[in-house]
Amino acid sequence: PHLAALVLARGGSKGIPLKNIKLLAGVPLIGWVLRAAIDAGVFHSIWVSTDHDEIEKVAKQFGAKVHRRSPEVSQDSSTSLEAITEFLNHHHEVDIVGNIQATSPCLHPSDLIKVADLIQKEGFDSVFSVVRRHQFRWSEVKKGDNKMTEPQNLNPAKRYRRQDWPGELYENGSFYFAKRHLIEKGYLQGGKMAYYEMRAEHSVDIDIDIDWPIAEQRVLSFGYFGKEPLKEVKLLVCSIDGCLTNGRIYVTEDHKEMVSYDYRDIVGIDLLKKRGIQVRLISDRDCSKTLSAMQLGCVAKVNVTNKLQVLKDWQEDMGLSWKEVAYLGNEESDVECLKQAGMSGVPADACAAAQKAAGYICKSRGGCGAVREFAEHIFLLLEKVNSARKQ
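Think of each chain on its own: its residues are numbered from 1, step by step along the sequence as written. Residue-level local features of this predicted model are given only where pLDDT is at least 70; pairs of side-chain atoms are given and counted only at 80 or more, and the full residue set underlies all totals for whole chains, interfaces and linings. Working from all heavy atoms in the structure, the side-chain values ignore hydrogens and water.

As annotated in an unreviewed UniProt entry, the protein carries the name N-acylneuraminate cytidylyltransferase and comes from Tychaedon coryphoeus. UniProt positions are given in the numbering used here, feature names are shortened, and annotations may be inferred rather than shown by experiment. The annotation that UniProt attaches to the protein under Sequence similarities (unreviewed entry) is "Belongs to the CMP-NeuNAc synthase family." Entered under Catalytic activity (unreviewed entry) in the UniProt record, the comment concerning the protein runs "an N-acylneuraminate + CTP = a CMP-N-acyl-beta-neuraminate + diphosphate".

Written out as C-alpha cells, the structure is:
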C-alpha cells in the first residue's frame, strides 16, 4: 500500500505570520518534520499541502513534493480533514496518509518507523500520537454557579506521588495516520485504532505548549539533526567577505580599500578559540591588508579559486572528520563547502543557493553579528554532544 506523509502548511497564521517557514534554531519550522519524514525511509511519497509560494519553495528545498490546495480548504475555518480529503481526491495512488503536524519540531524518524509498522504490519486502520501527562484535573465551575469544584482524577485525601501514578494519555497532535477508506468516510481516527506514545521531551507543540525561544532550546536539546550523530566541532572556516564583513568595500580618494566589521564577531571568534576550536578564514579575493589590520590571529587563505579544495586540505591536515568541521559562507562559491561541512551556516542576507545548502540560517546579516550568532549555535550543539555522551 502507498503510504504518503502529508504536512498541512497554509500561509495564513493569525499568531505568527508564515509560522511554518519561520526559522527555528536556524531551520525553517517545517524543515524539522520533513527531515524526520525523509530519513524515516518508510514513506512512498512526502507531500506538503500549501496555498503559499514561499512555503512551496521551502518544501521543495527539503525534498518534499507540493500539493497546491484550493482556496476552499485554506480558510481559517477549514479543517485538517477537509484538506486531507482534497489531497486524496487528487492523488488516487495513496492508500494511507500520515498527517504530520508542521509545528512538532522534535519529531524523530524512529517514531514514524514504528507507527508505519503498526499500520502496515499489524493491521491497524488508524494510529495517532499521544503523550503521558501527570496533571490532576478538577471540574469547571462557571461564574455565578453556586457549586463547588470536584476532583476528576484524584482523591485529594490521598494524592499520588508522581512516581506512584502512571498519569494519563493525551493527544499531542504530532501525527495522525489513517487509511483511505476511513478518511473518505469522514474520520481520521476509527476502525482498528491504536495510539503511539511519544516521549515527553519530543512532544513539543509550538501552537499550544510553548513560545519560540523556549522551543528553540527544546529543539537544540531533543530535536533530530540527521542520521549521523553529532560530533564536537574542532574547526570553523569562515568566508571573509559577506560573513565577517558586510561585503561592502569603501575606496578612498588615494585608492585605499576599507571594510567594516562588527566587534561582536571578533568576540565570537575569541570565544571559539577559548573553547579549543580553530578558526580559519577564506576569501575569493586578495584581502591580505584588511586581515593584517584586523589582527585576528587566524590562519587565512585569500585569492582562492577553489574553496572546497582548500577546505579539504585543511580538514586532512588536521586529521578531522567532516562532522568536526563547521563552515560559514554566503555566496555561490561557498555552496560546495556548505554541503560538505558537518555543520554549516549562512548570514540572513546570503544568496539563495547558499541558504538552500546551509543547515543554519542566521538572523543576523553578514558583518552585523552573524559570526557571533553562528558561534553561539555551535556552542549549543556542543552542549547537545556532551549531553549525549553523559547519557
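Still to come is the rest of the account.
Caption draft 1: Region of interest: the packing of aromatic side chains. Only centres within 6.5 Å qualify two rings of Phe, Tyr or Trp (six-membered ring in Trp) as a pair; their planes then separate them into stacked at under 30 degrees, edge-to-face at over 60, and tilted for everything else. Evaluated as defined, the whole model comprises eight aromatic pairs. Aromatic side chains Tyr-160 and Trp-165 sit 6.0 Å apart centroid to centroid with 5 degrees between the ring planes, which places their arrangement in the stacked category. To sort residues, take the accessible area from a 1.4 Å probe on protein chains only and compare it with the maximum for the residue type: under 20% means buried, over 50% means exposed, and anything in between is partly exposed. Under the relative-accessibility criterion, Trp-165 is labelled buried at 11%. Seen from their ring centres, Tyr-360 and Phe-374 are 6.1 Å apart, and the 45 degrees between their planes marks the pair as tilted. On the criterion of sequence distance, the pair formed by Tyr-360 in strand β17 (residues 360-361) and Phe-374 in helix α13 (residues 370-390) is long-range, its members being 14 residues apart. The pair formed by Tyr-360 and Phe-374 is uniform in burial state, with each residue classed as buried. Three or more aromatic residues link up through ring pairs in this structure, and these residues are Phe-43, Phe-175, Phe-177 and Tyr-196. Across from the ring centre of Tyr-170, 5.6 Å away, lies the NZ or CZ of Arg-133, which sits over that ring. A run of H or I in DSSP becomes a helix once it reaches four residues, and a run of E becomes a strand once it reaches two; helices and strands are each numbered from the N terminus. Geometrically, a charge over a ring is one whose NZ (Lys) or CZ (Arg) sits within 6 Å of the ring centre while staying within 35 degrees of the ring normal.

Caption draft 2: Layout of the packing of helix α1 (residues 29-40) against helix α4 (residues 109-120). Their axes nearest at 8 Å, the elements α1 and α4 cross at an angle of 55 degrees. Of the possible angle classes, the one that applies to α1 and α4 is oblique. At the point where α1 passes α4, the crossing takes the right-handed sense. Contacts between α1 and α4 involve Ala-36, Ala-37, Asp-39 and Ala-40 from the former and Pro-109, Leu-112 and Ile-113 from the latter. Residue polarity follows a fixed list, in which Ala, Val, Leu, Ile, Met, Phe, Trp, Tyr, Cys and Pro are nonpolar, Asp, Glu, Lys and Arg are charged, and the others, Gly among them, are polar. Classifying every residue of the contact of α1 with α4 by side-chain character gives six nonpolar, no polar and one charged. Angles here are taken between N-to-C directions and fall from 0 to 180 degrees, while the axes themselves are lines fitted to C-alpha atoms, restricted in helices to the stretch in contact. Working rule for angles: under 35 degrees goes down as roughly parallel, over 145 as roughly antiparallel, 65 to 115 as roughly perpendicular, anything else as oblique. Two helices crossing with the near one rotated counterclockwise from the far one by less than a right angle form a left-handed crossing, whereas a clockwise rotation gives a right-handed crossing. It only takes one pair of heavy atoms within 4.5 Å for two residues to be counted as in contact.

Caption draft 3: Seen up close, helix α2 (residues 53-61). Listed as buried for α2 are Ile-55, Glu-56, Val-58 and Ala-59. The arc that holds every buried residue of α2, seen down its axis, measures 165 degrees, which confines them to one face. Its buried side turned inward, α2 meets β3 (27-28), α1, β4 (45-50) and β5 (65-68). Read the arc as the range of directions from the helix axis to the C-beta atoms.

Caption draft 4: The arrangement of helix α3 (residues 80-90) in detail. Regarding α3, the residues found buried are Ala-83, Ile-84, Glu-86, Phe-87 and Leu-88. The inward-facing, buried residues of α3 abut β1 (3-8), β4, β5, β6 (96-100) and α5 (180-184).

Caption draft 5: View of the pairing of β5. Sheet topology note: the β4/β5 ladder contains four bridges and is parallel. If you follow Thr-50 over to β5, its bridge partner there is Arg-68. One bridge is not enough; two strands pair if DSSP finds at least two bridges between them.

Caption draft 6: Up close: the side chain of Asp-265. Inspection of the secondary structure puts Asp-265 in helix α8 (residues 263-274). Despite its burial, Asp-265 pairs with no opposite charge; the closest candidate is Arg-264, at 6.1 Å N-O. For this analysis, a polar contact is any N or O atom pair within 3.5 Å, provided that within protein one partner can donate a hydrogen and the other can accept it, and provided that sequence-adjacent residues contribute only side-chain to side-chain pairs. At 3.0 Å, the side chain of Asp-265 and the backbone nitrogen of Arg-372 are in polar contact. Aside from chain neighbours lying at most four places away, what touches Asp-265 is Cys-243, Leu-244, Gly-367, Cys-368, Gly-369, Ala-370, Val-371 and Arg-372. Counted charges follow a simple rule, with Lys and Arg positive, Asp and Glu negative, and His plus the chain ends left uncounted. For salt bridges, the criterion is a side-chain nitrogen of Lys or Arg within 4 Å of an Asp or Glu carboxyl oxygen.

Caption draft 7: Geometry of unusual backbone geometry. Non-glycine residue Asn-303 carries a positive phi angle of around 60 degrees. You can see Asn-303 is positioned in the loop between β14 (299-301) and α10 (307-317). Given the relative accessible area of 52%, Asn-303 is considered exposed.

Caption draft 8: Structural detail: the sheet that holds strand β8 (residues 168-179). Read across the open sheet, the seven strands follow the order β5-β4-β1-β6-β8-β7-β9; overall the sheet is mixed. Every interior strand has two partners, whereas the edge strands, β5 and β9 (193-198), have only one. Across the sheet, the axes of successive neighbouring strands diverge by a mean angle of 30 degrees, strand direction being ignored. The pairing of β6 with β8 spans five bridges and is antiparallel. Bridge pairing in β8 links Val-97 to Ala-178. The sheet contacts of α1 involve β1, β4 and β6, and relative to β4 the element is tilted by about 160 degrees.

Caption draft 9: Representation of the pairing of β1 within the structure. Taken across its six residues, β1 has six buried, putting it largely inside the fold. Where burial is concerned, the two faces of β1 agree: the one with Leu-3, Ala-5 and Val-7 and the one with Ala-4, Leu-6 and Leu-8 are both buried. The pairing of β1 with β6 spans five bridges and is parallel. The residue bridging Leu-3 from the neighbouring strand is Ile-96, located in β6.

Caption draft 10: Molecular detail of the nonpolar core. Judged by nonpolar contacts, the single largest core of 43 residues is most densely connected at Leu-244, Leu-281, Phe-374 and Ile-378. Shared between two domains, this core holds at least three residues of each, these being domain 1 (3-134 + 166-222) and domain 2 (235-389). Contact partners of Phe-374, with chain neighbours within four places excluded, come to Leu-236, Ala-326, Tyr-327, Leu-328, Met-343, Ser-344, Gly-345, Tyr-360 and Cys-362. By size, the runner-up hydrophobic cluster in this structure holds 37 residues, among which are Ile-46, Val-48, Ala-116 and Leu-118. By convention a nonpolar core is built from buried Ala, Val, Leu, Ile, Met, Phe, Trp, Tyr and Cys residues, the set being connected through side-chain atoms within 4.5 Å. Segment limits for the domains were obtained from an automatic or database-derived domain assignment.

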